[in-house]
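Chain by chain, the residues:
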Amino acid sequence: MVMYNPKNWFALVFHAYSRRVMTTLWPAIAFMLAYSTVLCYIMLDYFKLHLADFQPTIAMHSLLGIVLGLFLVFRTNTAYDRWWEGRRMWGGMVNSTRNFAMKVAACLPTENHEERDWFAKMIPNFVFAVKENLRNGVQFAELEAPDDKFINDLKRFKHKPNRIASLMYKRINELYRANKVSGDQLINLDKELKDFIDLMGACERIKNTPIPYSYMMYVKKFIFIYIITLPFGFVTQSGYMTVPIVGLVSFVLLSVELIAEEIEDPFGRDINDLPLDDLAGKIKENVKEILL
Amino acid sequence: MVMYNPKNWFALVFHAYSRRVMTTLWPAIAFMLAYSTVLCYIMLDYFKLHLADFQPTIAMHSLLGIVLGLFLVFRTNTAYDRWWEGRRMWGGMVNSTRNFAMKVAACLPTENHEERDWFAKMIPNFVFAVKENLRNGVQFAELEAPDDKFINDLKRFKHKPNRIASLMYKRINELYRANKVSGDQLINLDKELKDFIDLMGACERIKNTPIPYSYMMYVKKFIFIYIITLPFGFVTQSGYMTVPIVGLVSFVLLSVELIAEEIEDPFGRDINDLPLDDLAGKIKENVKEILL
Amino acid sequence: MVMYNPKNWFALVFHAYSRRVMTTLWPAIAFMLAYSTVLCYIMLDYFKLHLADFQPTIAMHSLLGIVLGLFLVFRTNTAYDRWWEGRRMWGGMVNSTRNFAMKVAACLPTENHEERDWFAKMIPNFVFAVKENLRNGVQFAELEAPDDKFINDLKRFKHKPNRIASLMYKRINELYRANKVSGDQLINLDKELKDFIDLMGACERIKNTPIPYSYMMYVKKFIFIYIITLPFGFVTQSGYMTVPIVGLVSFVLLSVELIAEEIEDPFGRDINDLPLDDLAGKIKENVKEILL
Amino acid sequence: MVMYNPKNWFALVFHAYSRRVMTTLWPAIAFMLAYSTVLCYIMLDYFKLHLADFQPTIAMHSLLGIVLGLFLVFRTNTAYDRWWEGRRMWGGMVNSTRNFAMKVAACLPTENHEERDWFAKMIPNFVFAVKENLRNGVQFAELEAPDDKFINDLKRFKHKPNRIASLMYKRINELYRANKVSGDQLINLDKELKDFIDLMGACERIKNTPIPYSYMMYVKKFIFIYIITLPFGFVTQSGYMTVPIVGLVSFVLLSVELIAEEIEDPFGRDINDLPLDDLAGKIKENVKEILL
Amino acid sequence: MVMYNPKNWFALVFHAYSRRVMTTLWPAIAFMLAYSTVLCYIMLDYFKLHLADFQPTIAMHSLLGIVLGLFLVFRTNTAYDRWWEGRRMWGGMVNSTRNFAMKVAACLPTENHEERDWFAKMIPNFVFAVKENLRNGVQFAELEAPDDKFINDLKRFKHKPNRIASLMYKRINELYRANKVSGDQLINLDKELKDFIDLMGACERIKNTPIPYSYMMYVKKFIFIYIITLPFGFVTQSGYMTVPIVGLVSFVLLSVELIAEEIEDPFGRDINDLPLDDLAGKIKENVKEILL
């Protein structure tokens with residue numbers, strides 16, 4: 001995620017979008033400009049059509065424009081909701097790790113360094129494992145091993161974050177059986193462990209479920225049909241002004257879809273993606289401050 | 001569900017929708033093209049009507065176009081919300097089964113192979129039973145019998161997933177009475193069992209409740225009236241250009257409704273449906289990794 | 001609720017709405033057609049007004065059309081949300097009754113026929129009482145008396161479902177005091193009883209609270225003003241084509257409001273209402289299968 | 001709140017809004033009619049402007065009309081959401097008081113008249129205190145004193161409903177310490193007491209937080225600019241028809257804002273406000289029926 | 001936050017927005033007025049272009065106007081949702097602190113002045129620390145030290161509110177170990193402490209996460225393109241009337257974006273920001289009244 005000043009209009013109006021948006025946007029607009037120039041030339045200079053010969057289809061574009069506009073907003077809302085839900089889940093991760101750390105710290109006596117140390121390593125380990133599991137796979141270098149066997153044990157399991165959570169569930173229940181954590185405290189601690197799994201699952205859900213194939217196709221087909229027929233709506237009325245008009249409208253419509261594509265998968269490392277590395281780092285710092 | 005690359009515009013613009021959408025869409029558009037050609041012929045070449053004789057009704061189509069566009073978006077939102085709620089419920093299923101497996105694994109000693117094995121079979125059984133209960137009925141071949149009587153006992157019950165959940169509730173309470181699970185652990189385990197039933201019920205609700213009959217009728221009536229009167233809005237002004245215009249507008253409007261029809265019932269085996277088989281398989285794998 | 005095939009376009013386009021919608025819709029449209037015919041006659045044939053004499057007010061109708069469209073969608077969303085919330089509450093009823101029955105079945109030994117039988121009667125009784133309380137009042141014939149005094153006792157209370165829930169709360173607490181249900185089990189059972197009351201209350205809220213009086217007035221006034229002035233927007237331009245145009249637009253706009261009126265009160269016995277009788281029957285069947 | 005039949009179109013179309021809306025609406029529309037008449041006279045009869053001299057600004061009003069329409073719906077949604085959230089909170093109050101009464105009734109033996117009586121008075125007292133706290137301040141006449149000191153004690157506290165809830169929390173904990181309520185029952189009762197405070201707080205939040213000052217200003221400024229410039233969009237085209245057009249559009253736009261003003265503060269005694277007195281009365285009746 | 005009367009139209013229509021909005025709005029509108037005057041002069045008086053020479057691009061502005069309008073509403077909704085979520089979180093803070101204070105008051109005997117006093121200071125301390133942590137950093141002057149070491153201890157920690165919450169968690173667990181708070185009461189108290197952390201985390205999330213960079217850019221680019229090309233849509237048709245039209249449209253469109261910028265970060269000290277100081281003060285007063 002890039003940090004920016006939302007009130008700096010100048011920068012926001014004139015800076016380019018992320019490279020990924022641009023690599024699709026420029027060629028598409030260039031094509032649209034070339035296409036509408038050729039079309040204008042053929043219709044206006046070659047066939048010498050006038051308003052009387054060819055009635056522009058602007059009425060159709062007006063009718064469809066409303067429907068298209070509404071669908072672009074549907075697309076934007078959907079993409080933004082996914083992004084914001086991802087953010088809420090990671091906000092929940094911040095909350096649950098803090099709560100869990102505080103509860104562990106309150107349950108265990110201050111001098112129980114062993115247990116405190118174990119949780120101060122394992123809670124961030126869980127968070128870092130979830131983070132990279134949403135990307136390309138857990139990076140062991142990011143984890144802190146509480147004991148020698150940990151990394152090798154973890155490698156045996158396919159779903160690493162599940163394993164780490166399992167170990168925490170287990171440890172808490174062992175403390176409970178050893179009467180270091182009472183039954184009432186167990187009930188309170190359980191809420192946070194449950195949250196860990198629920199938050200991780202919600203992130204996996206967002207990552208693994210694109211919006212339905214047919215809607216994705218529909219919006220793209222619709223934009224394509226709309227801008228490819230757009231010159232016919234202006235050519236005999238506005239002449240060569242059609243070219244910049246088509247360019248502008250294409251820019252506005254294609255941008256929405258391309259931005260939505262980028263926003264809706266929020267766990268990568270793009271400028272629009274959520275700052276997962278920062279959040280995981282912040283969680284680690286918080287947990288250590290609370291427990292140690 | 002089909003896997004696709006949301007950034008591959010070329011494929012998405014030119015590929016056809018699912019077969020089910022197409023079998024209704026093509027005939028409808030073919031009819032609209034034929035109908036508007038005939039109408040153009042009659043009005044322009046037979047009766048030789050001009051703008052002065054017949055004022056196009058485009059103003060009416062503009063007025064109604066806004067209302068129609070808004071209703072199509074209402075339709076899309078409703079269908080998408082059902083689809084996404086279905087997905088959230090199955091995401092919840094992933095979470096609750098993981099949580100339940102972890103809690104059982106933490107409560108029971110590692111050497112209690114019998115109980116662990118029983119739950120490692122029954123949790124996935126519940127998920128598979130729910131999945132097929134949303135389709136045509138539970139497939140016994142997908143279930144793993146923990147003992148010999150299980151399948152025969154299950155056949156006696158009308159609602160199979162209920163029975164499996166009942167058995168898990170019972171088993172947990174037996175472990176509790178046998179002091180293998182403490183009261184505090186019982187309270188924690190109960191949350192997940194409750195989630196199982198709630199998630200199953202929510203899926204059944206989506207499956208069994210189409211959107212209200214009158215709305216379904218209204219949207220379809222409205223689209224029909226709109227496109228059937230559309231040629232009158234263009235014919236005396238745009239001549240035979242009316243035919244492709246009506247074709248395009250029909251394509252755009254009918255697609256929305258047909259896609260919505262497909263999305264709103266998300267538990268089948270269509271290309272737009274949720275990947276329930278994959279999710280159930282993933283749950284099975286996860287649960288076994290945690291418990292065994 | 002009527003069962004229908006959402007993909008049967010032919011039936012949905014040509015069938016009539018429910019009788020209740022029709023009894024208001026047809027007279028209104030007939031009036032609008034007559035009114036605009038008379039108006040056309042007076043303006044076109046009596047006063048012989050032309051475009052030069054009377055500029056149509058279509059620009060005003062365009063401006064207001066957007067606002068009206070947005071309000072009709074607000075109206076539709078509101079009505080649909082109420083309907084869907086009602087459905088979610090009854091889905092919750094299915095879930096909570098199943099959960100409660102399973103928990104009771106797991107807590108009590110299999111041979112405790114007396115208690116199981118009592119709950120197998122009282123849970124459905126609660127559901128049936130809630131259902132009819134949302135209509136005209138509890139029908140005693142639908143209830144199964146667990147003992148002789150039950151019906152007479154119930155008659156003494158004004159709010160029947162409250163009384164039934166009270167009896168279940170009491171019974172559970174008696175079992176608790178008799179050590180047949182442990183404290184931990186009591187905590188788990190309490191969640192479902194709480195849900196019963198919350199779900200019932202939510203249904204009562206939907207039933208007893210129409211949308212604010214002023215909004216209801218506003219939408220109806222707005223539709224009325226819009227269609228009554230609509231002929232002035234077309235008459236000098238489109239001549240007698242104004243009559244079918246006004247008819248169509250009236251049909252589209254009035255339908256929305258009339259359907260919304262029907263949807264927003266979802267607990268009756270209309271074709272658009274929720275299938276409460278089916279749901280209550282299904283709950284009864286489920287509960288009996290689980291408990292007996 | 002006024003009771004009305006949502007299907008009585010005649011009454012709803014022709015009755016006037018609440019007096020509060022009317023006292024602002026009529027003068028504003030009268031002013032707009034006068035203002036546009038004067039403007040028409042000056043432009044058409046004094047300066048004798050024609051279409052060729054003054055091009056109407058209707059295109060601008062079209063552009064802005066969409067944005068304005070969308071903002072009016074934003075305004076309406078916001079107001080309605082506040083109203084409906086208020087209603088949900090009071091529905092929650094009905095549920096929580098019922099639940100609490102049932103739980104207390106189930107925990108305490110039937111013959112414990114003293115405690116039952118105390119709660120049968122204090123629960124409604126809490127509700128009545130919350131209700132009037134949202135208006136002008138608690139009315140002691142509405143409360144039932146369970147003992148002689150109650151009213152005087154209450155007067156010493158600034159936040160009366162807080163005090164009443166505190167007393168209930170205290171009483172429950174005293175019963176717990178006296179072993180009349182077990183620990184498990186305490187956990188169950190606690191949920192309802194927590195709900196009481198949460199529901200009260202949510203109502204206070206709605207009451208004390210108008211929508212942001214800038215949005216309120218923006219919508220009003222926008223409507224004002226729109227209708228004050230509207231005559232310029234019609235005058236040279238429609239002549240004196242401009243006057244009723246401006247009147248109608250003003251009526252439609254101003255109504256939205258004025259109704260929203262009235263809906264968004266739902267705890268008063270207007271015809272659009274929530275029936276708090278009825279709800280509080282119903283709660284009292286329910287609680288007494290359950291507990292006594 | 002400024003207090004205002006939402007029904008005082010006169011003030012709301014004619015008062016200026018907050019200074020921050022104005023410092024961007026006026027220069028921008030002044031620029032647009034100058035720019036379109038120059039453009040009108042060049043096109044109308046220098047090149048003497050007429051309608052026949054230059055067809056206005058108003059059709060393009062109509063098409064884009066719908067899309068722009070929808071995006072401005074998306075922008076407004078997003079900003080308002082953030083603002084309202086912030087408000088709900090602080091409403092939750094009011095509720096949780098009241099609940100926690102009441103529970104502590106009910107658990108501890110009235111004569112335990114030491115503990116009551118400690119919590120009566122620490123709960124408001126937490127709230128004040130959260131408040132300033134959302135701004136520039138905790139102000140120690142606002143906190144009440146329950147003992148001499150408190151402030152110095154707090155200074156050692158980076159995240160002050162976390163530390164205060166940790167201390168409360170610890171204190172409650174010490175009371176539990178000392179049998180002054182029972183296990184059941186611990187479970188009830190835990191809910192509120194968990195809420196404290198969750199509410200704080202949600203506020204931090206809103207503060208630290210602006211809407212995605214690309215959307216922010218998109219909306220600003222779109223508005224810029226729209227108003228900078230707007231004069232071309234009117235100039236040959238409306239002549240110098242183009243200047244006020246462009247001014248008005250710019251005012252309406254820019255205002256939306258500027259207000260949204262201000263609303264979406266609701267924890268500052270602007271006239272649109274939430275009244276955090278008042279709320280924190282109210283919480284302090286409430287907590288003290290309950291506990292002391």
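Computed from a predicted model, the values in this text were never measured in an experiment. (Residues numbered from 1 in each chain as written. Chains lettered and ligands numbered in written order. Predicted model: local features only at pLDDT ≥ 70, side-chain atom pairs only at ≥ 80, totals over all residues. Heavy atoms only, no water.)

## A closer look at the overall build of chain A
When helices and strands are counted, chain A shows 10 helices and zero strands. In chain A, the succession of α and β elements from N to C terminus is α-α-α-α-α-α-α-α-α-α. Taking 2.2 N^0.38 as the reference for a compact globule, 292 residues should give roughly 19 Å; the C-alpha atoms of chain A span a radius of gyration of 27 Å, well beyond that estimate. For chain A, the spread of C-alpha atoms along the three principal axes comes to 90 × 35 × 30 Å. Residues classed as buried in chain A amount to 67% of the 292 residues present. (Helix = DSSP H or I, 4+ residues; strand = E, 2+ residues; numbered from the N terminus. Rg over C-alpha atoms; globule rule 2.2 N^0.38 Å. Buried < 20%, exposed > 50% of the residue type's maximum accessible area, 1.4 Å probe, protein only.)

## Regarding the interface of chain A and chain B
If you look at the interface, chain A gives 66 residues, while chain B gives 70 residues. Taken as a group, A:Leu63, A:Tyr213 and A:Tyr215 account for 11% of the area that chain A buries against chain B, more than any other trio of residues on that side. Taken together, the links from chain A to chain B amount to seven salt bridges. Linking B:Glu192 and A:Lys194 is a salt bridge whose minimum nitrogen-to-oxygen distance equals 3.1 Å. Our count for the chain A to chain B interface comes out at 26 residue pairs in polar contact (both at pLDDT 80 or more). Among the elements of the structure, α2 (19-46), α3 (58-107), α6 (160-177), α7 (183-208), α8 (213-238) and α9 (242-263) of chain A are those that each provide at least two residues to the side of chain A that touches chain B. Counting residues per element, the side of chain A that touches chain B draws most heavily on α7(A), which supplies 16 residues. (Contact = heavy atoms within 4.5 Å. Buried area = accessible area lost by both parts, 1.4 Å probe. Salt bridge = Lys/Arg side-chain N within 4 Å of Asp/Glu carboxyl O. Polar contact = N/O pair within 3.5 Å; in protein donor to acceptor, adjacent residues only side chain to side chain.)

## Focus: the nonpolar core
Residues A:Met168, B:Met168, C:Met168, D:Trp90, D:Met168, E:Trp90 and E:Met168 are the most contacted members of the largest nonpolar core, which totals 559 residues. Discounting residues that sit within four places of it in the chain, E:Trp90 has contacts with E:Val127, E:Val130, E:Lys131, E:Leu134, E:Cys203, E:Phe267, E:Leu276, E:Leu279 and E:Ile283. (Core = buried A, V, L, I, M, F, W, Y, C linked by side-chain atoms within 4.5 Å.)

## Considering the interface of chain D and chain C
Across the contact, 71 residues belong to chain D and 66 residues belong to chain C. On the chain D side of the contact with chain C, D:Tyr4, D:Trp9 and D:Glu289 bury the most area, a combined 11% of that side's loss. Between the two partners, chain D and chain C, sit seven salt bridges. The interface formed by chain D and chain C holds 26 residue pairs in polar contact (both at pLDDT 80 or more) in total. Secondary structure elements with two or more residues in the side of chain D that touches chain C: α1 (9-14), α3 (58-107), α7 (183-208), α8 (213-238), α9 (242-263) and α10 (276-291) of chain D. Element by element, the count of residues in the side of chain D that touches chain C is highest for α3(D), at 24 residues.

## Points about the environment of E:Arg82
Counting through the fold element by element, E:Arg82 comes out in helix α3 (residues 58-107). Residue E:Arg82 is classed as buried on the basis of its relative accessible area of 4%. In the structure, E:Arg82 is positioned 124 residues away from E:Ile206 in sequence and 6.7 Å away in space, judged by C-alpha atoms. If we skip the residues at most four places from it in the chain, E:Arg82 touches A:Trp84, E:Ile206, E:Thr209, E:Pro210, E:Ile211, E:Glu264 and E:Pro266. Here the side chain of E:Arg82 touches E:Ile206 through a polar contact of 2.7 Å, landing on its backbone oxygen. Within polar-contact distance, the side chain of E:Arg82 engages the backbone oxygen of E:Glu264 at 2.9 Å.

## Focus: the relation of the copies chain A and chain B
At an RMSD of 0.0 Å, chain A and chain B line up after a rotation of 72° and a shift of 0.0 Å along the axis. Between the two chains, the operation in question is that of a five-fold axis. Every residue of chain A has its C-alpha some distance from the rotation axis, and the shortest such distance is that of A:Ile66, at 5.5 Å. (Least-squares fit on C-alpha atoms with pLDDT ≥ 70 in both.)

## Let's talk about the pattern of salt bridges
When their charged atoms lie close together, side chains carrying opposite charge are able to pair. Summed over the entire model, instances satisfying the criterion amount to 142 salt bridges over all chains. Linking B:Arg135 and B:Glu132 is a salt bridge whose minimum nitrogen-to-oxygen distance equals 3.3 Å. As far as burial versus exposure is concerned, B:Arg135 and B:Glu132 are alike and both buried. Salt bridges sharing common partners tie together A:Lys103, A:Lys191, A:Glu192, A:Asp195, E:Asp190, E:Lys194 and E:Asp198.

## Side note on the UniProt feature "transmembrane region" (unreviewed entry) in chain A
Residue and element names in this part refer to chain A. The UniProt record marks residues 21-44, 56-74 and 215-234 with the feature "transmembrane region" (unreviewed entry), using the residue numbering of this structure. Secondary structure content for residues 21-44 is 100% helix and 0% strand, and the end C-alpha separation is 34 Å. Helix makes up 89% of residues 56-74 and strand 0%. Its end C-alpha atoms lie 29 Å apart. (UniProt positions renumbered as here; feature names shortened; annotations may be inferred.)

## Some thoughts on helix α10 (residues 276-291) of chain C
The end-to-end C-alpha distance of α10(C), which contains 16 residues, comes to 22 Å, matching closely the 22 Å that a straight helix rising 1.5 Å per residue would cover. If you check which residues of α10(C) are buried, you get C:Leu276, C:Leu279, C:Ala280, C:Ile283, C:Asn286, C:Val287, C:Ile290 and C:Leu291. An end-on view of α10(C) places all buried positions within 125° of arc, on one side of the element. In this fold, the buried residues of α10(C) make contact with α6 (160-177) of chain B together with α3 (58-107) and α4 (113-133) of chain C. (Expected span 1.5 Å × (residues − 1). Arc of directions from axis to C-beta.)

## Things to note about the relation of the copies chain D and chain C
Least-squares fitting of chain D to chain C yields an RMSD of 0.0 Å, with the superposition described by an axial translation of 0.0 Å and a rotation of 72°. Of the residues that chain D buries at the interface, just 7% are likewise interface residues in chain C, meaning the two copies contact each other through different surfaces.

## Remarks on the packing of α3(C) against α8(D)
α8(D) packs onto α3(C) with a crossing angle of 150° between their chain directions and a minimal axis gap of 11 Å. Taken together, the axes of α3(C) and α8(D) are roughly antiparallel relative to one another. Considering only the axes of α3(C) and α8(D), their crossing is right-handed. Across the interface between the two elements, C:Ala59, C:Met60 and C:Leu63 from α3(C) touch D:Tyr226, D:Leu230 and D:Phe234 from α8(D). Residues belonging to the contact of α3(C) with α8(D) are distributed by class as follows: six nonpolar, no polar and no charged. (Axes fitted to C-alpha atoms, helices over the stretch in contact; angles between N-to-C directions. Parallel < 35°, antiparallel > 145°, perpendicular 65-115°, else oblique. Left-handed = near helix turned anticlockwise from the far one by under 90°. Nonpolar A, V, L, I, M, F, W, Y, C, P; charged D, E, K, R; others polar.)

## Digging into unusual backbone geometry
Even without being a glycine, B:Lys48 presents a positive backbone phi close to 50°. Note on B:Lys48: relative accessible area 53%, which makes it exposed.

## A look at the arrangement of the chains
When C-alpha atoms are compared, chain A and chain D, though not in contact, are closest at a spacing of 10 Å. Kept free of each other, chain B and chain E leave a smallest C-alpha distance of 10 Å between them.

## Focus: the packing of helix α7 (residues 183-208) of chain C against α3(D)
Direction vectors running N to C along α7(C) and α3(D) enclose 140°, while the axes themselves pass 9 Å from each other. When the axis of α7(C) is compared with that of α3(D), the two are oblique. Considering how the two elements wind past one another, α7(C) and α3(D) form a crossing that is right-handed. In this structure, α7(C) uses C:Asp190, C:Leu193, C:Lys194, C:Ile197, C:Asp198, C:Met200, C:Gly201, C:Ala202, C:Glu204 and C:Arg205 to contact α3(D), whose residues at the interface are D:Trp84, D:Arg87, D:Arg88, D:Gly91, D:Asn95, D:Arg98, D:Asn99, D:Met102 and D:Lys103. For the contact of α7(C) with α3(D), the residue count by class is six nonpolar, four polar and nine charged.

## Digging into a nonpolar patch on the surface
On the surface, A:Val38, A:Tyr41, A:Ile42, A:Tyr46, A:Phe47 and A:Tyr240 cluster together to form a nonpolar patch covering roughly 650 Å² of accessible area. Positionally, A:Tyr46 belongs in helix α2. (Patch = residues over 30% accessible without salt bridge, like charges linked within 9 Å, V, L, I, M, F, W, Y side chains within 5 Å. Areas by Shrake-Rupley, 256 points an atom, 1.4 Å probe, with all protein chains shown as cover.)

## Points about the environment of B:Asn77
Residues and elements named next belong to chain B. Inspection of the secondary structure assignment puts Asn77 in helix α3 (residues 58-107). A relative accessible area of 31% places Asn77 in the partly exposed class. With 187 residues separating them in the primary sequence, Asn77 and Glu264 have C-alpha atoms 9.8 Å apart.

## Considering the side chain of A:Thr236
All names here are of chain A. Relative to the assigned elements, Thr236 resides in helix α8. Taking the relative accessible area as the measure of exposure, Thr236 reaches 11% and is therefore buried. Here Thr236 is in contact with Leu44, Leu49, His50, Leu51, Phe54 and Pro56, once residues within four sequence places are set aside.

## Quick word on the side chain of D:Asn286
Topologically, D:Asn286 is positioned in helix α10. Among residues more than four places away in sequence, those in contact with D:Asn286 are C:His159, C:Asn162 and D:Arg98.

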